[in-house]
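Remarks on the overall topology
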Protein chains: 4
Amino acid sequence: MGEHVEVGGKVEKRWTRRKDARPAEIVAAALDCFAERGFAGTRLDDVARRAGVTKGTVYLYFPNKEELFKAVVRETLLPHLDRVLGGLEGTPEDPRERIRQAFDFLSGKLLGTPLAVIPKLVIAEAGNFPEIARFYLDEVVGPVRAFLADAIHRGVELGHFRAVDPDHAFYTLIAPLLLAALWQNSLGPHDDRPLDGAAMIRQHLDIVFRGLAPEAPAPGRKERLP
Amino acid sequence: MGEHVEVGGKVEKRWTRRKDARPAEIVAAALDCFAERGFAGTRLDDVARRAGVTKGTVYLYFPNKEELFKAVVRETLLPHLDRVLGGLEGTPEDPRERIRQAFDFLSGKLLGTPLAVIPKLVIAEAGNFPEIARFYLDEVVGPVRAFLADAIHRGVELGHFRAVDPDHAFYTLIAPLLLAALWQNSLGPHDDRPLDGAAMIRQHLDIVFRGLAPEAPAPGRKERLP
Amino acid sequence: MGEHVEVGGKVEKRWTRRKDARPAEIVAAALDCFAERGFAGTRLDDVARRAGVTKGTVYLYFPNKEELFKAVVRETLLPHLDRVLGGLEGTPEDPRERIRQAFDFLSGKLLGTPLAVIPKLVIAEAGNFPEIARFYLDEVVGPVRAFLADAIHRGVELGHFRAVDPDHAFYTLIAPLLLAALWQNSLGPHDDRPLDGAAMIRQHLDIVFRGLAPEAPAPGRKERLP
Amino acid sequence: MGEHVEVGGKVEKRWTRRKDARPAEIVAAALDCFAERGFAGTRLDDVARRAGVTKGTVYLYFPNKEELFKAVVRETLLPHLDRVLGGLEGTPEDPRERIRQAFDFLSGKLLGTPLAVIPKLVIAEAGNFPEIARFYLDEVVGPVRAFLADAIHRGVELGHFRAVDPDHAFYTLIAPLLLAALWQNSLGPHDDRPLDGAAMIRQHLDIVFRGLAPEAPAPGRKERLP
DNA sequence: CATGAATGAGATTTCATTCAT
DNA sequence: TATGAATGAAATCTCATTCAT
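Cut-offs used in this document
- Residues numbered from 1 in each chain as written.
- Chains lettered and ligands numbered in written order.
- Predicted model: local features only at pLDDT ≥ 70, side-chain atom pairs only at ≥ 80, totals over all residues.
- Heavy atoms only, no water.
- Helix = DSSP H or I, 4+ residues; strand = E, 2+ residues; numbered from the N terminus.
- Contact = heavy atoms within 4.5 Å.
- Areas by Shrake-Rupley, 256 points an atom, 1.4 Å probe, with all protein chains shown as cover.
- Least-squares fit on C-alpha atoms with pLDDT ≥ 70 in both.
- Buried area = accessible area lost by both parts, 1.4 Å probe.
- Salt bridge = Lys/Arg side-chain N within 4 Å of Asp/Glu carboxyl O.
- Polar contact = N/O pair within 3.5 Å; in protein donor to acceptor, adjacent residues only side chain to side chain.
- Domains from an automatic or database assignment.
- Nonpolar A, V, L, I, M, F, W, Y, C, P; charged D, E, K, R; others polar.
- Expected span 1.5 Å × (residues − 1).
- Bend = angle between axes of the 7 residues up to and from the residue.
- Buried < 20%, exposed > 50% of the residue type's maximum accessible area, 1.4 Å probe, protein only.
- Axes fitted to C-alpha atoms, helices over the stretch in contact; angles between N-to-C directions.
- Parallel < 35°, antiparallel > 145°, perpendicular 65-115°, else oblique.
- Left-handed = near helix turned anticlockwise from the far one by under 90°.

**Thoughts on the overall build of chain A**
When helices and strands are counted, chain A shows nine helices and two strands. The order of helices and strands in chain A, counted from the N terminus, is β-β-α-α-α-α-α-α-α-α-α. At a minimum sequence separation of 6, the contacts of chain A that also span at least 24 residues come to 66%. Carbon and sulfur atoms provide 53% of the accessible area of chain A, an area that totals close to 11200 Å².

**Section: the relation of the copies chain A and chain B**
In the superposition of chain A on chain B (RMSD 0.2 Å, axial shift 0.0 Å), the rotation amounts to 180°. These values place the two chain copies in the arrangement generated by a two-fold rotation axis. Residues of chain A ranked by C-alpha distance from the rotation axis are headed by A:Gly211, positioned 1.8 Å from it. A share of 100% of the interface residues of chain A reappears at the interface of chain B, consistent with the copies meeting face to face through the same patch.

**A word on the interface of chain D and chain C**
Across the contact, 51 residues belong to chain D and 51 residues belong to chain C. If you sort the residues of chain D by the area they bury against chain C, D:Tyr171, D:His190 and D:Ile207 come out on top, with a joint share of 14%. Inspection of the region where chain D meets chain C yields six salt bridges. Taking the shortest distance from any N to any O, the salt bridge between C:Arg145 and D:Asp191 comes out at 3.0 Å. Where chain D meets chain C, there are twelve residue pairs in polar contact (both at pLDDT 80 or more). Where the side of chain D that touches chain C is concerned, the elements lending two or more residues are helix 1 (21–41), helix 6 (117–125), helix 7 (130–157), helix 8 (166–184) and helix 9 (197–212) of chain D. Among the elements that make up the side of chain D that touches chain C, the one with the highest residue count is helix 8 of chain D (twelve residues).

**Re the domain arrangement of chain A**
Residues and elements named next belong to chain A. The domain architecture assigned to chain A consists of domain 1 (4–61) and domain 2 (73–212). The C-alpha-based centres of domain 1 and domain 2 are spaced at 31 Å. Counting residues at the interface gives seven residues for domain 1 and nine residues for domain 2. Taken together, both faces of the contact between domain 1 and domain 2 bury some 630 Å²; the carbon and sulfur share is 76%. Linking domain 1 with domain 2 are zero salt bridges, by the criterion used here. The tally of links between domain 1 and domain 2 comes to two residue pairs in polar contact (both at pLDDT 80 or more). Of the residues in the side of domain 1 that touches domain 2, the class split is five nonpolar, one polar and one charged.

**With respect to helix 8 (residues 166–184) of chain C**
What sets the pattern is the α-helix's 3.6 residues per turn: residues three or four places apart point alike. Residue and element names in this part refer to chain C. Its 19 residues give helix 8 an end-to-end C-alpha distance of 28 Å, which sits within 8% of 27 Å, the value for a rise of 1.5 Å per residue. Where helix 8 bends most, at Ile-174, the angle is about 40°, and the proline Pro-176 comes one to four residues later. With 17 of 19 residues buried, helix 8 lies mostly within the body of the structure.

**Overview of the relation of the copies chain D and chain C**
The relation between the two chain copies is a rotation about an axis coupled with a shift along that axis. Mapping chain D onto chain C calls for a rotation angle of 180° and an axial translation of 0.0 Å; the resulting RMSD is 0.2 Å. A share of 100% of the interface residues of chain D reappears at the interface of chain C, consistent with the copies meeting face to face through the same patch.

**Some thoughts on the pattern of salt bridges**
Residues and elements named next belong to chain A. Taken as a whole and assessed by the stated rule, the structure comprises 68 salt bridges over all chains. The closest approach of N and O atoms between Asp-206 and Arg-210, which form a salt bridge, is 3.3 Å. Of this pair, Asp-206 and Arg-210 both sit in helix 9 (residues 197–212), four residues apart, which is roughly one turn of that helix. Relative accessible area serves as the criterion here: at 17%, Asp-206 is assigned to the buried category. By relative accessible area, Arg-210 is classed as partly exposed at 22%.

**Considerations on the packing of helix 6 (residues 117–125) of chain C against helix 6 of chain D**
As a packed pair, helix 6 of chain C and helix 6 of chain D sit with axes 10 Å apart at the nearest point and diverge in direction by 125°. Relative to helix 6 of chain D, the element helix 6 of chain C is oriented oblique. The crossing of helix 6 of chain C and helix 6 of chain D is left-handed. Taken together, the residues of helix 6 of chain D that come into contact with helix 6 of chain C (itself represented by C:Lys120, C:Ile123 and C:Ala124) are D:Lys120, D:Ile123 and D:Ala124. In terms of residue class, the contact of helix 6 of chain C with helix 6 of chain D is built from four nonpolar, no polar and two charged.

Set out below in structure tokens:
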């Protein structure tokens, strides 16, 4: 048995000690695997190999597969949560601006980043991991829904929007963003027509803002849509 | 245990249940299991038990787990496909009516029915079953997208809609319906706020149709929105 | 892969169905293994091979190794318990006769039978299986101790024995029997001097009965010791 | 973490504990673990933790688990062997006194000391460690048996005892002592009736000595047994 | 000397699949 | 057709052992 192994095209020594880096590397590798094959479909051997370690090392940092899964969701989400939800707390008073800014943030943070696989993972495994489902509801869905529904609500109150149910409108607003994230990690790669998520989202907001505009052609109002 | 029982002096088959129903029962049971736990997370034992048969019987009708999975998706989809896609071929010339009618159809066929778990299943397993992914793209996504994008396109041409990209607008239209279906089979059960999918969809169409309406200045326009 | 396997020198078909026989065969095989190597030292593979089945079959009947172990102790003990403890309920009024008869029974049931490995097993694994320890105390040690201590007690009351502590005398009585059982399954096989357990026990009872005889040379008493 | 710490202005070795003590500490810790869980059931990690060191350190002193086990039995036994067996070589000519003194010694050295777990360990692992079995037979069982059997033999020759088989009588004599040691380290802790080993042994010797006493009537008899 | 991260062989356990009945 | 005992490959998990620091 040789003294060296090839990892990602690079020859490395066995027995390299990198305590601090390991857990994060394993979590990253696991995220990829879980996203590709789901929880049950992922073999710890694959996670280990992808992380450039052996199975034993995975168990050095995570007591079992289930805890690794939870760690993956949490760890992948947590560092972004503050920034994303913090990003929502933008200043603009105008509800449309608030929403648009939030969407810029969300789509920037979500689409095309590894974070985008999390929704798929959570949706797919909610049945097996109620704990994760609730965590995601509390920490992600809840705040985002609160922020957007509140913005819509204020838009209605301030006369920028028609009288709509803010909670239902929330789905109208958010669904295409989520769908784009799911698409990229499921059917997208098998589809021949590529989806330009950012462009789609731009037009989406445009349509929805017009759809939310007050009934009467409020005289003197200037709709500015980029 | 013998193959026959004597009932009232007559020898009868022990299992009188129509044997032709068996495969369908197994598929139905499998759909539930796959939807709950995913492909790899589902044990054939569970499928069998839920179908009221034994594992061996499953293998009588399906050569292996993978084929059972494909059968589930196909069989669950196929009997609806014609009706749904046929239903899309509704007559109304007015694009908004066409779309509205299609949505009535789709949400009626999807939300709250066992069919609603299919999208989740396909999204979750697309990585493991490219064949299924392509089948779903070809047989479901494609036609629906073609129909809706075409309706939008014609709406634009006929002056009912503003000039929008029909492919992108398709996502704006369809996303909340899909999201509702996913929600019901993943996070919904863990959320304390129930989602009234039909009501949401109604308002959604309302918003989108207004958002697609041509620029206001054209006087003499008759917006008819229920 | 051949259609036949060699089990115990005999060629047998694979896939022989013997539902009723299996659990007992597995328990018997496991008893041997556990007795030889202890709980942790026993590989389920060995148990399976010795029982002429595969690992999977073991798990068909026992949920895990621990339950198999408990089953082994219980099942090995239970069928003998009634007979052994029942055998204690001998009729003779004379305490010495009661005790002697009980010892005949116990040594007949214990020495040289597979039952003899149980004490070793229980002693060795009491630390890991408190449940087994208590079971053995309750079901085996308790009754035997009660019977013998009671016989001694009555012997004292009736004037057949000196005034001794029956509980302590119980150890004097029983220890060599137990030691013989332990010996046969541990050091005995490595010793060059074979131990004739039955003979040893005979002399043991002789010594102890004399040692328990009342102080004064009770006139007219006839000690009959074989 | 540096190898040195500054204490009161002076640089001192961080680990001031005598390094010579380490192996003994590890052996002591291992004895406890092996006694509790058996050889295979003991994790080197536990041994290390109990000894206040790390696994690596164990390997500094013992080439592997098996050697550690052998070392435990040997090291635990050896320092006592001389004293115990030496103690047996007591002066008294009277065989009963010789035996009683030996028992005082043995029960003092065995009961309630860490030495008492060795018999359990040896009995439990004799199957896996024939070498240990033979070592124990040669170094412990042999000398003790020789001493006691010889004492009994001489007792018979000198007319202090009846004509008995010394080898069998050896078991009658020693069994309760051994049983007490086993009991304390296996079932005893799970029993609600505590065993006063010393008291039991006292009465035991009393009974056995009486049981070995020559037949009353024959004054001046000299029993000679082959 | 001592550490403890990393290893990898081997154990337990699961479960899709087979096949005698 | 239906069963379910039996299989065996592959998964998860454990832990004695190694070695860079």
